[in-house]
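Structural overview for review
So you can see what is in the structure, the chains are spelled out below.
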Amino acid sequence: MTILPKQILVLSSLLVASGTVAAQQTGSINPMIMQGNQELALSGSIDVPDFDEIDFDIDASYGYFFRDGWEVGARAIGADIGGVERFDFSVFTEYNFNRNSHIVPFVGASVGLATVNFDGDFDVDSTLGFDDDEATVFGFTGGIKWFIRDYMAVSTSIGFSVSTDDIYAADDELVDNLTTFRIGLRYYF
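Residues numbered from 1 in each chain as written. Predicted model: local features only at pLDDT ≥ 70, side-chain atom pairs only at ≥ 80, totals over all residues. Heavy atoms only, no water.

Each helix and strand counted, the chain has one helix and 10 strands in total. Ordering the α and β elements of the chain from the N terminus gives α-β-β-β-β-β-β-β-β-β-β. Per-residue burial for the chain yields a buried fraction of 37% across its 189 residues. In the chain, once contacts between residues fewer than 6 apart in sequence are set aside, the share between residues at least 24 apart is 56%. Of the roughly 10300 Å² of accessible surface on the chain, a fraction of 60% belongs to carbon and sulfur atoms. (Helix = DSSP H or I, 4+ residues; strand = E, 2+ residues; numbered from the N terminus. Buried < 20%, exposed > 50% of the residue type's maximum accessible area, 1.4 Å probe, protein only. Contact = heavy atoms within 4.5 Å. Areas by Shrake-Rupley, 256 points an atom, 1.4 Å probe, with all protein chains shown as cover.)

What follows is the structure, encoded as structure tokens:
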């Protein structure tokens, strides 16, 4: 599930180039991130570490702009990484900067609950006695929304999550924090 820094650089460069071309072709873009508008978002990552296994981390959210550039909403994340199945449900807030451009930086924070299921494929010494668990999760994120239309943006972000228990699979162990690189699509109405 690891996205290499070189891949992130290439993807970000492609997004900047495509966003710039789209802005030039359509004239000026006015992002729909004003009070009263809503956002649907889908992002995540998929990795195929072995031929018969797929690791994924998919994030879907709904947000409402209660002020220009400032959004609150709910997010659901489903993940299966290295034999650890996780479902997170959280509330979040995001603040968007530079709202008059097709390139909009943002920061956000969230708090929620995660449920975890350790299946038989998890490669850690079985004597550790892992049980299915729940944990409170706090998240922080920062990124850029690349608007290709007034109502549509591609987003790239880096997020940091910390939980009250060890629920994230990292190599062959569990840890209480996770850093993620996400690429997604956001739709505004």
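Glancing now at a nonpolar patch on the surface. Together, Leu 40, Tyr 62, Tyr 64, Phe 66, Trp 70, Val 72, Tyr 151, Tyr 187 and Phe 189 make up a nonpolar patch on the protein surface, roughly 790 Å² of accessible area in all. Of all the secondary-structure elements, those providing two or more residues to the nonpolar patch are strand E2 (53-67) and strand E3 (70-81). At three residues, E2 tops the list of elements feeding residues into the nonpolar patch. Mapped onto the fold, Leu 40 is located in strand E1 (residues 38-50). A residue is classified by how much of its surface remains accessible, and Leu 40, at 42% relative accessible area, is partly exposed. (Patch = residues over 30% accessible without salt bridge, like charges linked within 9 Å, V, L, I, M, F, W, Y side chains within 5 Å. Salt bridge = Lys/Arg side-chain N within 4 Å of Asp/Glu carboxyl O.)

For the coordinates displayed, the defined rule picks out 10 salt bridges. The salt bridge partner of Glu 39 is Lys 145, with a shortest N-O separation of 3.5 Å. A residue pair is termed long-range when its members are at least 10 positions apart, and Glu 39 in strand E1 and Lys 145 in strand E6 (residues 133-149) qualify at 106 residues. Exposure remark for Lys 145: the relative accessible area of 0% places this residue in the buried category. Note that Arg 86 and Asp 88 form a salt bridge whose closest N and O atoms lie 3.1 Å from each other. Pair check on accessibility: Arg 86 and Asp 88 agree, each one buried.

Here we take up the side chain of Asn 96. If you trace the backbone, Asn 96 turns up in strand E4 (residues 84-96). Residue Asn 96 is classed as buried on the basis of its relative accessible area of 0%. Apart from the residues lying within four places of it in its own chain, the contact partners of Asn 96 are Ile 33, Phe 65, Gly 69, Val 104, Pro 105, Phe 106 and Lys 145.

Next up on the list: the pairing of E3. Note: E3 against E4, 12 bridges, orientation antiparallel. Bridge pairing in E4 links Ile 81 to Val 84. (Pairing = 2+ DSSP bridges.)

Enumeration according to the criterion identifies seven aromatic pairs in this entry. Taking the centre distance of 5.1 Å and the plane angle of 45 degrees together, the rings of Phe 66 and Trp 70 count as tilted. With a relative accessible area of 34%, Trp 70 lands in the partly exposed category. Pairing Trp 70 with Tyr 95 gives two aromatic rings, centres 6.1 Å apart and planes at 85 degrees, and the pair type is edge-to-face. Here the residue Trp 70 occupies a position in strand E3, and Tyr 95 occupies one in strand E4, the gap between them amounting to 25 residues. Classification of Tyr 95 as partly exposed rests on a relative accessible area of 29%. The residue whose ring lies beneath Lys 145 is Phe 106, and the NZ or CZ to ring-centre distance is 5.1 Å. (Phe/Tyr/Trp six-rings, centres within 6.5 Å; stacked < 30°, edge-to-face > 60°. Lys NZ or Arg CZ within 6 Å of the ring centre and 35° of its normal.)

Of note in this structure, Asn 98 is not a glycine but carries a positive phi near 50 degrees. With respect to the element layout, Asn 98 can be found in the loop between E4 and strand E5 (103-118).

For the rest of this paragraph, the subject is the nonpolar core. Ranked by size, the top nonpolar core spans 10 residues in total: Val 84, Ala 114, Val 116, Phe 118, Ala 135, Val 137, Ile 167, Tyr 168, Leu 174 and Leu 178. Of all elements in the fold, only E5 and E6 reach the threshold of two or more residues within this core. Excluding residues within four positions of it along the chain, Ala 114 makes contact with Arg 86, Phe 87, Asp 88, Asp 133, Glu 134, Ala 135, Val 137 and Ile 167. Core analysis: the second largest hydrophobic core is formed by seven residues, Ile 33, Val 104, Phe 147 and Ala 153 among them. (Core = buried A, V, L, I, M, F, W, Y, C linked by side-chain atoms within 4.5 Å.)

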